[in-house]
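Okay, here's what each chain looks like letter by letter:
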Amino acid sequence: MSSVTSGDTGSSTAEQEQQVLDVDSAPEEIAEAMEFDAGSNKWTTVRTKLKVALRALSDKREDCVTVRVRDRNIDKLQVLKVRLTAAEDQAKVLDEVMRQSLAAKLSASFAKFAPPFMFPSFLSMRVYVLLQRSGVPTVRGEELTELRPTRVRISASPRSERDADVWASNKFAAFQYFSYFLSRKAYLIHSVCLSGRHFTLPVIHSWDHSMGPEDGGQDGISEWKDQLCARLGKAMGGLARKDMFSLDPSQFVNMLQERGLFGPMTTAGDDAGSYVAP
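Remember, it's a predicted structure, so these values are computed and weren't measured experimentally. (Residues numbered from 1 in each chain as written. Predicted model: local features only at pLDDT ≥ 70, side-chain atom pairs only at ≥ 80, totals over all residues. Heavy atoms only, no water.)

## Quick look at the pattern of salt bridges
If you walk through the whole model with that rule in mind, you get 11 salt bridges. Salt-bridge contacts for Arg140 lead to Glu96; the nearest nitrogen and oxygen are separated by 2.7 Å. Note that Arg140 is positioned in strand 8 (residues 138-143) and Glu96 in helix 2 (residues 90-113), a separation of 44 residues in sequence. The pair Arg140 / Glu96 is uniform in exposure class, with both members buried. Linking Asp226 and Arg241 is a salt bridge whose minimum nitrogen-to-oxygen distance equals 2.6 Å. Taken together, the residues span a long stretch of sequence, with Asp226 in helix 4 (residues 217-232) and Arg241 in helix 5 (residues 241-244) at a distance of 15 residues. Using a relative accessible area of 30% as the deciding quantity, one classes Arg241 as partly exposed. Through salt bridges that share partners, Arg159, Arg162 and Asp165 make up one connected network. (Salt bridge = Lys/Arg side-chain N within 4 Å of Asp/Glu carboxyl O. Helix = DSSP H or I, 4+ residues; strand = E, 2+ residues; numbered from the N terminus. Buried < 20%, exposed > 50% of the residue type's maximum accessible area, 1.4 Å probe, protein only.)

## So, the sheet that holds strand 11 (residues 198-206)
Strand order in the open sheet made by the 3 strands is 9-10-11, with antiparallel pairing throughout. Across the chains shown, the open sheet's two edge strands, defined by having one partner strand only, are strand 9 (151-155) and strand 11. Shown here is a sheet whose adjacent strand axes are inclined to one another by a mean of 25°, direction ignored. Examined bridge by bridge, strand 9 and strand 10 (residues 187-195) share 5 bridges and lie antiparallel to one another. By the bridge assignment for strand 10, Arg151 is matched with Ser195. Packed onto the sheet, helix 3 (residues 163-182) meets strand 9, strand 10 and strand 11 and runs at close to 140° relative to strand 10. (Pairing = 2+ DSSP bridges. Axes fitted to C-alpha atoms, helices over the stretch in contact; angles between N-to-C directions. Contact = heavy atoms within 4.5 Å.)

In short, the description is geometric, and any link to function would need to be established separately.
Take a look at the structure:
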């Protein structure tokens, strides 16, 4: 499988672009599809047939090669992702999919609880074991939303002082606070990648340092608390760290909303562009 660098229109021909887009004419191959349910903490594995496009996109922004795939068991097109700079063993791929599933579960709960503003959902992610490929590689699979989506890293620290960026970070801080307490203070979603209109690739801090190489553990959680209090404490009536984190999630979110810290309210049907400005 060859690749075309994302955005490299000078070197990519019309024929190469067609090979990136064309899935249906590719031969079928047998694979195992694995999905993780964070609620039950269990994996499910099914045998499936895939059609994999003949040419991939090399995406340096995410350090991976992406290739379109049609899974016979799923209606929507998928995209496989393989790291560019370092080979990954199966355990690393499984861990990333588990983190995505946990973040998606917490985000879905927050969406039912949150004020009426747009909050992007997480892309569903699964594992594919390509049984007929050399070495039987294990790769991630995501729902295909856009061929070359824009990507922005989101956290509780605004990317700029623009109102749109500040409001976006405040909404994300509300999600962080809610999910931290919902997980009984076991997990903090520190940051995510906004890929087009969806979240993906969460960085998670945990009390037991179990969420991968970027997990800052309890030190990372404590640093987040300090930064959140420094940024929002004054706007929330001069709350000290101890007082801020004695609030239950509904109190925290209501205080942000009452003080206009989410910006203009939008509905869940609005474009995700209302959440983060380009």
